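# Breakdown of the fold
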Amino acid sequence: MQILSRTLDSLEIGTPISAAHLTMVPLLAPAPADPDYLLLDDALDAGLAEVTELSQGGSVPELAFRNRADRDVLLVDGEELVGAKQNRVLNLTILVAAGEQVTIPVSCVEAGRWSWRSQRFASGRRKLHASARWAKMRGVSASLREAGRRTGGEIQHEVWASIDRKISAFACRSESRALHDVYDHAEDRLRAIRTAFAAQPRQVGAVFFVDNALAGLDLYDTPFTLAKLLPKLVDSYAFDAIERADDAAQRTTPSLAEIRALLARIAVAPHSAYPAVATGTDVRIEGDGLHAAALCAKDRLVQLSAFCTDAQAGQ
């Protein structure tokens, strides 16, 4: 896909930043732009968007999203929504046009609750951890390919299993088996890492490493978007890093060639394109040891997440 390869080829690579066992390599845009959309948190906070259950009975894998703004609203894969009958996370990135209402595919991240807490969802200010995002992405891609759907029992099972592993690993008590509770339990450790990372000028994305292992890549279309979402994004990787990190590991700085090779692999890997949930094209990339998903709209790459299969398989 030309939009994808054109964008990846144009990126510049910034100076790595490290904290504890996590390293971020910034990806910089040569000619940064401003967003022509609102982010989900900003739209919810301003009362310009709302997320609700589909009905009083609810549907675990789907929610209703209404954009009341006069601009598009961007919902990013893995973002958490809390309240209503149970907490959920977004299954993929969605760009919703001004004034539109759409049904959005989600996964439950609170297996032990199915009871009303509020009529509308609020932002959880969290993002699903990177290893679970990879498993969910892989499941969504398979479901799209085989059944034309972005939800499914196997996807939900993978998310619940990942959360249960975190509850056990962090010795966290959560009556409703909620991802949010585990994040709260680890907040002091996450904050110590999060505060070491700041968005760099022109930064639109990042490649993350835990010790010397590639953890994943996330890319957005504007520096504003990256800067606003960076705290959630760092937490997403740090949440895995504080569990996985090897205290004896000798961390080395990722090389420019290593990052360039990753970008090239993503650009040329086999891909499939599907109509997006709302605006644009949903691109699925599977091959050459990669799983990636991207949203392209309005002749640009809006968002991309990529994971290397070998790096994630040990999760």
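Overview of the structure. (Residues numbered from 1 in each chain as written. Predicted model: local features only at pLDDT ≥ 70, side-chain atom pairs only at ≥ 80, totals over all residues. Heavy atoms only, no water.)

### Details of the overall build of the protein
Counting its regular elements, the protein contains nine helices and 18 strands. Taken over the C-alpha trace, the protein has a radius of gyration of 18 Å; the compact-globule value for 315 residues is 20 Å, and the two agree within 12%. Its C-alpha atoms put the protein at 55 × 45 × 40 Å along the principal axes. When burial is assessed residue by residue, the protein has 56% of its 315 residues classed as buried. Taking the contacts inside the protein whose residues are at least 6 apart along the sequence as the reference set, 67% of them involve residues at least 24 apart. Accessible surface for the protein amounts to roughly 12300 Å². Of this, 49% is attributable to carbon and sulfur atoms. In the protein, which carries 35 positive and 40 negative side-chain charges, the distance between the mean positions of the two groups comes to 3 Å. (Helix = DSSP H or I, 4+ residues; strand = E, 2+ residues; numbered from the N terminus. Rg over C-alpha atoms; globule rule 2.2 N^0.38 Å. Buried < 20%, exposed > 50% of the residue type's maximum accessible area, 1.4 Å probe, protein only. Contact = heavy atoms within 4.5 Å. Areas by Shrake-Rupley, 256 points an atom, 1.4 Å probe, with all protein chains shown as cover. Lys, Arg positive; Asp, Glu negative; His and termini not counted. Charge placed at Lys NZ, Arg CZ, Asp CG, Glu CD.)

### Examining helix α3 (residues 130–147)
When the terminal C-alpha atoms of α3 are compared, their 25 Å separation across 18 residues agrees well with the 26 Å that a helix rising 1.5 Å per residue should span. With 14 of 18 residues buried, α3 is to be regarded as a mostly interior element. Positive backbone phi, at 70°, marks Gly 148, one or two positions downstream of α3. (Expected span 1.5 Å × (residues − 1).)

### Brief notes about the sheet that holds strand β9 (residues 88–90)
Read from one edge of the open sheet, six strands run β5-β6-β11-β9-β8-β12, paired in antiparallel fashion. One side of each edge strand has no neighbouring strand; the edge strands of this open sheet are β5 (49–53) and β12 (121–127). For this sheet the average axis-to-axis angle between neighbouring strands, irrespective of direction, equals 40°. Inspection of the sheet shows strand β8 (residues 79–83) paired to β12 by four bridges, in the antiparallel sense. Within β12, the position partnered with Val 82 by the bridge is Ala 122. Contacts from helix α7 (residues 223–244) reach β8 and β12, with the element oriented near 60° to β12. (Pairing = 2+ DSSP bridges. Axes fitted to C-alpha atoms, helices over the stretch in contact; angles between N-to-C directions.)

### Comments concerning helix α1 (residues 2–10)
If you check which residues of α1 are buried, you get Ile 3, Leu 4 and Leu 8. One face of α1 carries all of its buried residues, which in axial projection span an arc of 120°. Exposed positions of α1 whose direction lies more than 90 degrees from the buried face are Gln 2 and Asp 9. If you follow the buried residues of α1, they end up packed against β14 (213–220), α8 (256–268), β16 (281–287), β17 (290–297) and β18 (300–308). (Arc of directions from axis to C-beta.)

### Here we look at the nonpolar core
By size, the foremost hydrophobic cluster in this structure holds 50 residues, and its most contacted members are Leu 22, Leu 74, Ile 193, Phe 197, Phe 208, Tyr 237 and Phe 239. If near-sequence neighbours (up to four positions away) are discounted, Phe 239 is found in contact with His 129, Lys 166, Phe 170, Leu 179, Val 182, Tyr 183, Ala 186 and Leu 190. (Core = buried A, V, L, I, M, F, W, Y, C linked by side-chain atoms within 4.5 Å.)

### Examining unusual backbone geometry
One non-glycine residue with positive phi stands out, namely Arg 202, at about 70°. Since its relative accessible area comes to 31%, Arg 202 is described here as partly exposed.

### Topic: the pattern of salt bridges
Counted under the stated rule, the structure contains 32 salt bridges. One salt bridge in this structure joins Arg 194 and Asp 235, with 2.9 Å as the shortest N-O distance. Highlighted residues: Arg 194 in helix α6 (residues 187–194) and Asp 235 in helix α7, separated in sequence by 41 residues. Overall, the relative accessible area of 19% leaves Arg 194 in the buried class. A salt bridge links Arg 300 to Asp 221; the nearest nitrogen and oxygen atoms lie 2.8 Å apart. Taken as a pair, Arg 300 in strand β18 and Asp 221 in the loop between β14 and α7 lie far apart in primary sequence, 79 residues in all. By relative accessible area, Asp 221 is classed as buried at 14%. Linked through salt bridges whose partners overlap, the residues forming this network are Arg 126, Asp 184, Glu 187, Asp 188, Arg 191, Arg 194 and Asp 235. (Salt bridge = Lys/Arg side-chain N within 4 Å of Asp/Glu carboxyl O.)

The quantities given are spatial measurements derived from coordinates; they are silent on function.
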